[in-house]
Amino acid sequence: MIGTEKILEVKDLTVHFYTYAGVVKAIEKVSFDVYKGETFALVGETGCGKSVTARALTQLIESPGRIVEGEVYYHRDGETIDLLKLGEEEIREYRGKEIAYIFQDPQSSLDPLYSIGYQVSEALFVHKMVKSIKEGVKRAVDILRTVLMPDPEKRVSNYPHELSGGMKQRVTIGIGIANNPRILIADEPTTALDVTVQAQILNLIKEMKERYGATVLLITHDMGVVADMADRVAVMYAGKIVELADVFTIFKKPIHPYTRGLLKAVPNPLVKIERLEAIPGTVPSLINPPSGCRFNPRCNQATEICRSKVPELEEVEDGHFVACHG
Amino acid sequence: MEGMQGMSSFSNGFSSSSNLLEVRNLKKYFPLKGLFFTKGYVKAVDNVTFEIRKGETFGLVGESGCGKTTVGRTILRLIEPTDGQIIYDGRDITKFKKKDMDWFRRKAQIMFQDPYSSLNPRQTVFQIVMEPVNHHGIDVHDPEAFVIDLLEKVGLNEGHLYRYPHEFSGGQRQRIALARILSLKPEFVVLDEPTSALDVSVQANILNTLKDIQGELDLTYLFISHDLAIVKYMSHRLGVMYLGKLVEVGNSDGIFEEPLHPYTKALFSAIPIPDPEIEKRKEKLVVKGEPPSPINPPSGCRFHPRCPFAREICSQKEPELKKVGSDHEVACWLY
Ligand SMILES: Nc1ncnc2c1ncn2[C@@H]1O[C@H](COP(=O)(O)OP(=O)(O)OP(=O)(O)O)[C@@H](O)[C@H]1O
Ligand SMILES: Nc1ncnc2c1ncn2[C@@H]1O[C@H](COP(=O)(O)OP(=O)(O)OP(=O)(O)O)[C@@H](O)[C@H]1O
Ligand SMILES: [Mg+2]
Ligand SMILES: [Mg+2]
């Protein structure tokens, strides 16, 4: 089903934020490959670095943050581009066109002062997909229809505040797919929505993916959404990838103590659970992260080496990577 | 199941002895203020009836804006009901005057969703936990020992006594809020999305603590959440709300086993199951559209415009809750 052709190769991606309180080591040496046509999920709890990773891929890191290390190779039609080496002008040619984003909060990604038709049209216009905004608005009707917006002919002239949360997210997806991207990066696209609306939007992303053959990088903290959508999964903890495998392996044969703990802490509505198992302690500060494995203070299997040496992400079986000394 | 309908009036009377709380035809309409006149009402809670038994956890689920918080606050009279009765331990609290209300305010407490805004940042943990006790003028022999005991119940300790809220994580703050609630030795606690601001690994901890102290201190809970998996984990009985109405109510395991209302079915089917073997193969019942506004709710059954099974009567006449099992009621014309 999924090819073995890499579309993205992320190597040692590291982002720091230089704040008054100290240097926040938001992500450290994050490496993963994304295959063409797959849905690759980044999962983890608040603050573990999912959004920073997703944004860094196209240099979307603002001051006081800086990408301090790493390469992001983007493979297209036999050529390879290091996205982090491109200048501000050059990366803009890719961002929003070949690599598009959908963010969690549709409210903040839409401009309240412009009609949604104008905003979809503008996305087309800046990438020269249409000759004028007017032509773009006509195309916007079709795009809104594709994302199952009710009454698209009327809705194009609506402003964001006139739409429900679900409809706004449809518009941002419309803007995301307007230029027929090769990679769609969806950062918690349904977290702000109710479950019945979430089900509609996830369906829509699946349909769009099938129709346009796009590759999806999905960011979520919801293991249910991962189970539904992902082909492969990277589990992040405190700025590092701790485990990476296909979705069935992650759920059935997790190896890293954090992945195992996380899965046991998630209630399953189909199963009568007498007692959830919780992970003791809390996520560490990223200004002074624990030495060695960042999970070691919460890990019941930690030994001396876990406190002194950072475990590398190693392939323990075909396609299953784990960063653990255990 | 048909044959059991006639029994509904009997068993209502029968079970009332073990009910701690009975909510009868509760309404809360918020006026929409125009320049000179009231322009209409937000029917946030519209004719809701259910009971909560002593010692149980009653889960209230539904999507954003369906009225869960309004139910929770109205039954504590933190906001005044528009209409209806709230019978607590046999007495209608809507009729209570100040003295009785003081008593009720000790017996019934609420825990809010937001662990950041619910604690006074300038008070120490000790002051925060003692505040309700002082407010009610209750004499405590050894305040420090009293607070330490409460902290230990909720998984904190003596070392936290003189620290300030900003020194704690979200999960720890919820524990402080809980210790404060317990200081009044309540019987009934409304838990309004107590973990929805927390990460899953921390959430599991708090939910377990809530379960533990329920048995230990003989508490009855109204557990409000939009997360069905959590409600399943916590609740003995369950009510499903849609747009100000209770559409299904009864034994939690029973409803999870066989949800009857099309909205409940849609809601259950929409929750992604954290198991790819099941989730990827699951047949999904995706309902169209989004919940409409509670200002001008649809006629008849409020779910009918989104319901795949809607018939003519559904848009004309509102279905009442109807008994379909020993502890299972549903408001739908299909049954
Ligand atoms: N502008 C910023 N200034 C300082 N620190 C930042 C900034 N943006 C992000 N961080 C830090 O980087 C870390 C990773 O943040 P990120 O937003 O990637 O987390 P996340 O996994 O997306 O979390 P969430 O699930 O809450 O969205 C966090 O510790 C965060 O505090
Ligand atoms: N003080 C108020 N004035 C006017 N309308 C209100 C007020 N409080 C709540 N409402 C409205 O009443 C309805 C029910 O709100 P409520 O907060 O009870 O929903 P909820 O089920 O708790 O939602 P959520 O899951 O988002 O917390 C909503 O339409 C809301 O906008
Ligand atoms: Mg994020
Ligand atoms: Mg609420």
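Peer 1: A description of the site of ligand 2 should follow, citing residues and the corresponding values.
Peer 2: Residues and elements named next belong to chain B. Taken together, 13 residues lie near ligand 2, and S64, G65, K68, T69 and T70 sit nearest. Between ligand 2 and the protein, one listed contact pairs an oxygen atom with a backbone N or O atom of G67 at 3.0 Å. One of the side-chain nitrogen or oxygen atoms of T69 is found 2.7 Å away from an oxygen atom of ligand 2. Sort the elements by how many residues they give to the shell around ligand 2 and helix 2 (residues 68-74) lands first, with three residues.

Peer 1: Can you explain the site of ligand 1? Please cite residues and give values.
Peer 2: Residue and element names in this part refer to chain A. Taken together, 14 residues sit near ligand 1, with G47, G49, K50, S51 and V52 positioned nearest. A distance of 2.8 Å is found between an oxygen atom of ligand 1 and a side-chain nitrogen or oxygen belonging to K50. Here V52 contributes a backbone N or O atom positioned 2.8 Å from an oxygen atom of ligand 1. For ligand 1, whose free accessible area comes to 640 Å², the fraction covered by protein is 66%. Put simply, the parts of the chain that give the shell around ligand 1 at least two residues each are strand 1 (6-19), strand 2 (22-35) and helix 1 (50-56). It is helix 1 that contributes the most residues to the shell around ligand 1, three residues altogether. Of the residues in the shell around ligand 1, the class split is six nonpolar, five polar and three charged.

Peer 1: Summarise helix 5 (residues 143-153) of chain B; cite the residues concerned and give the values.
Peer 2: Every buried residue of helix 5 of chain B is listed here: F146, V147, I148, L150 and L151 of chain B. In the segment just after helix 5 of chain B, G155 of chain B is the residue with positive phi, at about 90 degrees.

Peer 1: Break down the confidence of the model for chain B for me, with residues and values.
Peer 2: Residues and elements named next belong to chain B. Chain-level pLDDT for chain B is 90 on average; 95% of the residues reach the 70-or-more range. Across residues 1-16 the pLDDT falls below 50, and counting only partners more than four positions away or on other chains, this stretch makes eleven contacts in the model. Interface confidence in the predicted complex, given as ipTM, is 0.89; pTM for the same model is 0.90.

Analysis parameters
- Residues numbered from 1 in each chain as written.
- Chains lettered and ligands numbered in written order.
- Predicted model: local features only at pLDDT ≥ 70, side-chain atom pairs only at ≥ 80, totals over all residues.
- Heavy atoms only, no water.
- Near = heavy atom within 4 Å.
- Polar contact = N/O pair within 3.5 Å; in protein donor to acceptor, adjacent residues only side chain to side chain.
- Helix = DSSP H or I, 4+ residues; strand = E, 2+ residues; numbered from the N terminus.
- Areas by Shrake-Rupley, 256 points an atom, 1.4 Å probe, with all protein chains shown as cover.
- Nonpolar A, V, L, I, M, F, W, Y, C, P; charged D, E, K, R; others polar.
- Buried < 20%, exposed > 50% of the residue type's maximum accessible area, 1.4 Å probe, protein only.
- pLDDT = per-residue confidence, 0-100.
- Contact = heavy atoms within 4.5 Å.

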